[in-house]
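Tertiary structure, described
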Amino acid sequence: MRVGGAAEWLLEPKTLDELAKAVQAARESGMVVRVLGKGANLIVEDGVVPGVVVATDRLNLMWRPDSSEGGQALESLLDALRLGQRPDARLAPQGREEGLRLLALCGATHQRLVSTVMELGWSGLEGLVGVPGHVGGGVAMNAGGKWGEMWSVVESIIVVDDDGELRVLRREQCEPSYRNGNLGTKVVAAALLKFRPDEVHAVKQRTREFLKEKNAVQPVAEWSAGCVFKNPDPAVSCGRTTGRLVDEAGLKGRMLGGAQVSPKHGNFIVNTGAATASDVLELVRIVQESVFERFGVQLEMEAKVWRAEVDGARAPRG
Ligand SMILES: Cc1cc2nc3c(=O)[nH]c(=O)nc-3n(C[C@H](O)[C@H](O)[C@H](O)COP(=O)(O)OP(=O)(O)OC[C@H]3O[C@@H](n4cnc5c(N)ncnc54)[C@H](O)[C@@H]3O)c2cc1C
């Protein structure tokens, strides 16, 4: 969205061990810990965000685990880390249809993930094309849409648990739902993803078609936090999506300061260049109020808001 202020503390771990230690140390110091992926579903308030922000950019490794490890690849990775070994991303070449798994650390980008599986002709994640983000953010938010979502390919994940330990959680132990990985305060460190074999040209074609359709209806080249609101229960909204409710309420194109309800898609608020977080959040409030008055539908936010303290209330310490 390109609005908002600074973090009081910013930590950029580059190993899973550093990630766990960063989270644990911050929590032990009584500080609030926030995890920053690519920031593609985030609105940060103006001012200083108190506590610790842990950024996942440097945890961007992604590789095909040895096919002999099967679904145990994350357990093997944790064992290796406990022995002080670095993950081996240079494994022997494997046949295209062997294993069908990718192991991604939380900072690997969706873009790289989608293009890697497309080149392999593996199916299951075509629907994530054009959805910006990191794997950790995608798992935490269960990113996706009408063509599929992240958790449809998740076999297991490594999380930093509330006690600061790295643990494997298998798919059956998790309860992801619509746009929510339901992981509470756990930090996603890595994910093991399992795909279906297909033909390379078929996966490429589907991926390109989905991207074309997405580009046609969403303001993908503008600064935004993606869909601001979840789609409401169709029974309550008479089958209308949020985009349609906003459109029918006459709010498309509405400006407030530098923020605008996208003329292209009613569920996007874009920063036209000089928006502040206050502009964006005031526009969010106006949209919620207008849609409620007109249709009696309470729009729930999908984008996350990080509350900040007013500039100068607490100076950044590092
Ligand atoms: C143009 C555009 C189009 C989009 N289209 C879609 C779409 O079609 N479908 C869709 O679902 N989304 C869409 N989005 C939103 C966004 O791409 C997804 O929600 C994405 O998964 C966010 O990932 P991120 O890494 O940027 O997370 P961030 O925005 O950095 O964080 C989002 C939330 O996840 C938490 N989080 C991030 N990383 C971790 C982690 N490692 N462990 C635990 N919590 C973590 C953060 O603390 C925050 O609460 C779109 C966004 C844009 C800008």
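Attention in this report is confined to the structure presented alongside it. These numbers come from a predicted model, not from an experiment. (Residues numbered from 1 in each chain as written. Predicted model: local features only at pLDDT ≥ 70, side-chain atom pairs only at ≥ 80, totals over all residues. Heavy atoms only, no water.)

The strand order across the open sheet formed by five strands is S5-S6-S12-S10-S11, and the pairing between neighbours is antiparallel. The open sheet has two edge strands with one neighbour each: strand S5 (62–63) and strand S11 (166–170). Looking at chain direction, S5 and strand S6 (residues 101–105) are connected through two bridges and run antiparallel. Within the sheet, the bridge partner assigned to Met62 lies in S6 and is Ala104. Taken strand by strand, helix H1 (residues 16–28) contacts S6, strand S10 (154–160), S11 and strand S12 (187–194), and its axis lies near 145 degrees from that of S12. (Pairing = 2+ DSSP bridges. Helix = DSSP H or I, 4+ residues; strand = E, 2+ residues; numbered from the N terminus. Contact = heavy atoms within 4.5 Å. Axes fitted to C-alpha atoms, helices over the stretch in contact; angles between N-to-C directions.)

Moving on, we get to the side chain of Arg101. Structurally, Arg101 can be placed in strand S6. For Arg101, the side chain forms a polar contact with the side chain of Glu155, separated by 2.7 Å. (Polar contact = N/O pair within 3.5 Å; in protein donor to acceptor, adjacent residues only side chain to side chain.)

Before going further, it helps to examine the pairing of S10. Looking along a regular strand, one sees side chains alternate from face to face of the sheet. The element S10 is extensively covered by neighbouring structure, given that seven of its seven residues are classed as buried. Two elements, S10 and S12, share six bridges in a ladder whose sense is antiparallel. From the neighbouring strand, Ile158 faces S12, where its bridge partner is Ala190. Where S10 lies against S11, five bridges are found, and the strand directions are antiparallel. Looking across to S11, one finds that Ile158 is bridged to Val168. Joining the antiparallel neighbours S10 and S11 is a turn of five residues, in which Gly164 adopts a positive phi near 85 degrees. (Buried < 20%, exposed > 50% of the residue type's maximum accessible area, 1.4 Å probe, protein only.)

Within a pair of aromatic rings, the relevant descriptors are the distance that separates the centres and the angle that separates the planes. This model, assessed by the stated rule, comprises two aromatic pairs. Ring centres 4.3 Å apart and planes at 5 degrees place the aromatic pair Trp147 and Phe210 in the stacked group. Of this pair, Trp147 sits in the loop between strand S8 (144–145) and strand S9 (148–149) while Phe210 sits in helix H5 (residues 200–217); the two residues are 63 residues apart in sequence, bridging distant segments of the chain. A cation over an aromatic ring shows up here: Arg34 above the ring of Trp306, its NZ or CZ 6.0 Å from the ring centre. (Phe/Tyr/Trp six-rings, centres within 6.5 Å; stacked < 30°, edge-to-face > 60°. Lys NZ or Arg CZ within 6 Å of the ring centre and 35° of its normal.)

Let us look at the layout of surface pockets. For the second largest pocket, the calculated volume is near 330 Å³. In terms of lining, the second largest pocket is formed by 16 residues, of which the most central are His110, Gln111, Val129, Gly130 and Val131. Where the lining of the second largest pocket is concerned, the elements lending two or more residues are helix H3 (110–120) and H5. Broken down by element, the lining of the second largest pocket gets its largest block of residues, five residues, from H3. Among the residues making up the lining of the second largest pocket, the classes are represented as seven nonpolar, seven polar and two charged. (1 Å grid on protein atoms, 1.4 Å probe; cavity = no way out; pocket = protein on both sides within 12 Å on 5 of 7 lines; lining within 4 Å. Points joined across faces, edges and corners; volume = space filled by probe spheres on them. Nonpolar A, V, L, I, M, F, W, Y, C, P; charged D, E, K, R; others polar.)

If you check the shell around the ligand, you find 33 residues, and the closest are Val35, Gly37, Pro132, Gly144 and Lys214. Val35 places a polar main-chain atom, nitrogen or oxygen, 2.7 Å from an oxygen atom of the ligand. In the environment of the ligand, an oxygen atom lies 2.8 Å from a nitrogen or oxygen atom belonging to the side chain of Lys214. Within the complex, 92% of the 970 Å² of free accessible area of the ligand lies under protein. When residues of the shell around the ligand are traced back to their parent elements, those giving at least two are strand S2 (33–36), helix H4 (135–141), S12, strand S14 (223–227) and strand S18 (304–306). The dominant element in the shell around the ligand, judged by the number of residues it contributes, is H4, at five residues. In terms of residue class, the shell around the ligand is built from 15 nonpolar, 13 polar and five charged. Looking at which domains feed residues into the shell around the ligand, each of domain 1 (6–55) and domain 2 (62–202) gives three or more. (Near = heavy atom within 4 Å. Areas by Shrake-Rupley, 256 points an atom, 1.4 Å probe, with all protein chains shown as cover. Domains from an automatic or database assignment.)

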